[in-house]
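Spelled out, the chains give:
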Amino acid sequence: MAACVAVIAKENYPLFIKTIPTENELKFYYTVHTSLDVVEEKISSVGKNTNDLRELYLGLLYPTEDYKVYGYVTNTRVKFVVVVDSTNASLRDNEIRTMFKKLHNAYVDMLCNPFYKLGDNITSKGFENIVKGMLQQD
């Protein structure tokens, strides 16, 4: 399914990044970092259109030779970025949306932990298990 899943804070620093394969981890960090400009551009364009305020899914941010980068933003401006292998043609937009909804629900469940301090790196095992399930290869 996904090659990389990232959660980026409102202030654009990473809260959580998980990749498969791990030998290209730095490449995925760069890909996620460069996607933040596109996310900010899409957020600012949504702010101008009052019809799209409820749409959290940003869609395809940009394709590269090897990967496609998708984005999602919460109401509190926390950003989710998923990098998918571009050779996976069977992955549809609805499946990407479902992946983001599942990730968002896991993030909200993790925030409900009274011991989690807002803005800290995400270390929740439950959240990480859900992300690992998204990263599993078919």
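Scoring rules and cut-offs
- Residues numbered from 1 in each chain as written.
- Predicted model: local features only at pLDDT ≥ 70, side-chain atom pairs only at ≥ 80, totals over all residues.
- Heavy atoms only, no water.
- UniProt positions renumbered as here; feature names shortened; annotations may be inferred.
- Pairing = 2+ DSSP bridges.
- Helix = DSSP H or I, 4+ residues; strand = E, 2+ residues; numbered from the N terminus.
- Axes fitted to C-alpha atoms, helices over the stretch in contact; angles between N-to-C directions.
- Phe/Tyr/Trp six-rings, centres within 6.5 Å; stacked < 30°, edge-to-face > 60°.
- Buried < 20%, exposed > 50% of the residue type's maximum accessible area, 1.4 Å probe, protein only.
- Salt bridge = Lys/Arg side-chain N within 4 Å of Asp/Glu carboxyl O.

- As annotated in an unreviewed UniProt entry, the protein carries the name Trafficking protein particle complex subunit 2-like protein and is attributed to Plakobranchus ocellatus.
- Of the protein, the UniProt comment under Subcellular location (unreviewed entry) reads exactly: "Cytoplasm, Perinuclear region".
- The record in UniProt for the protein states the following under Sequence similarities (unreviewed entry): "Belongs to the TRAPP small subunits family. Sedlin subfamily."

1. Section: the sheet that holds strand S5 (residues 79-85)
Here's step 1: Taken together, 5 strands build an open sheet; the order of strands is S2-S1-S5-S4-S3 and the sheet is antiparallel. With partners counted over all chains shown, the strands left at the sheet margins are strand S2 (14-19) and strand S3 (57-63), one partner each. Each neighbouring strand pair of the sheet contributes to a mean axis angle of 15°, computed without reference to strand direction.
Here's step 2: By the bridge criterion, 5 bridges tie strand S1 (residues 2-8) to S2 in an arrangement that is antiparallel. Counterpart to Ala-6 in the pairing with S2 is Ile-17.

2. Examining the packing of aromatic side chains
Aromatic ring pairs are reported here in terms of the distance separating the ring centres and the angle at which the planes meet.
Here's step 1: This model, assessed by the stated rule, comprises 6 aromatic pairs.
Here's step 2: A centroid spacing of 5.1 Å and a plane angle of 85° characterise the contact between Phe-16 and Phe-127, whose relative ring orientation is edge-to-face. Here Phe-16 is found in strand S2, whereas its partner Phe-127 is found in helix H3 (residues 125-135), with 111 residues between them in sequence.
Here's step 3: Relative accessible area serves as the criterion here: at 2%, Phe-127 is assigned to the buried category.
Here's step 4: Here the aromatic rings of Phe-80 and Tyr-107 are separated by 5.6 Å at their centres, their planes lie at 75°, and the arrangement is edge-to-face. Placement of the pair is Phe-80 in strand S5 and Tyr-107 in helix H2 (residues 93-111), with a sequence separation of 27 residues.

3. Here we look at the pattern of salt bridges
Here's step 1: One pass over the full model with this rule turns up 5 salt bridges.
Here's step 2: Close ionic contact of Lys-18 with Glu-128 constitutes a salt bridge, the shortest N to O distance being 3.2 Å. Of this pair, Lys-18 sits in strand S2 while Glu-128 sits in helix H3; the two residues are 110 residues apart in sequence, bridging distant segments of the chain.
Here's step 3: Of the charged contacts, one joins Asp-66 and Lys-27 as a salt bridge, the two residues approaching to 3.2 Å between their closest N and O atoms. Highlighted residues: Asp-66 in the loop between S3 and strand S4 (67-73) and Lys-27 in helix H1 (residues 25-48), separated in sequence by 39 residues.
Here's step 4: By relative accessible area, Asp-66 is classed as partly exposed at 38%.
Here's step 5: Taking the relative accessible area as the measure of exposure, Lys-27 reaches 37% and is therefore partly exposed.
Here's step 6: Each member of the salt-bridge network shares a partner with another, and the members are Lys-18, Glu-128 and Lys-132.

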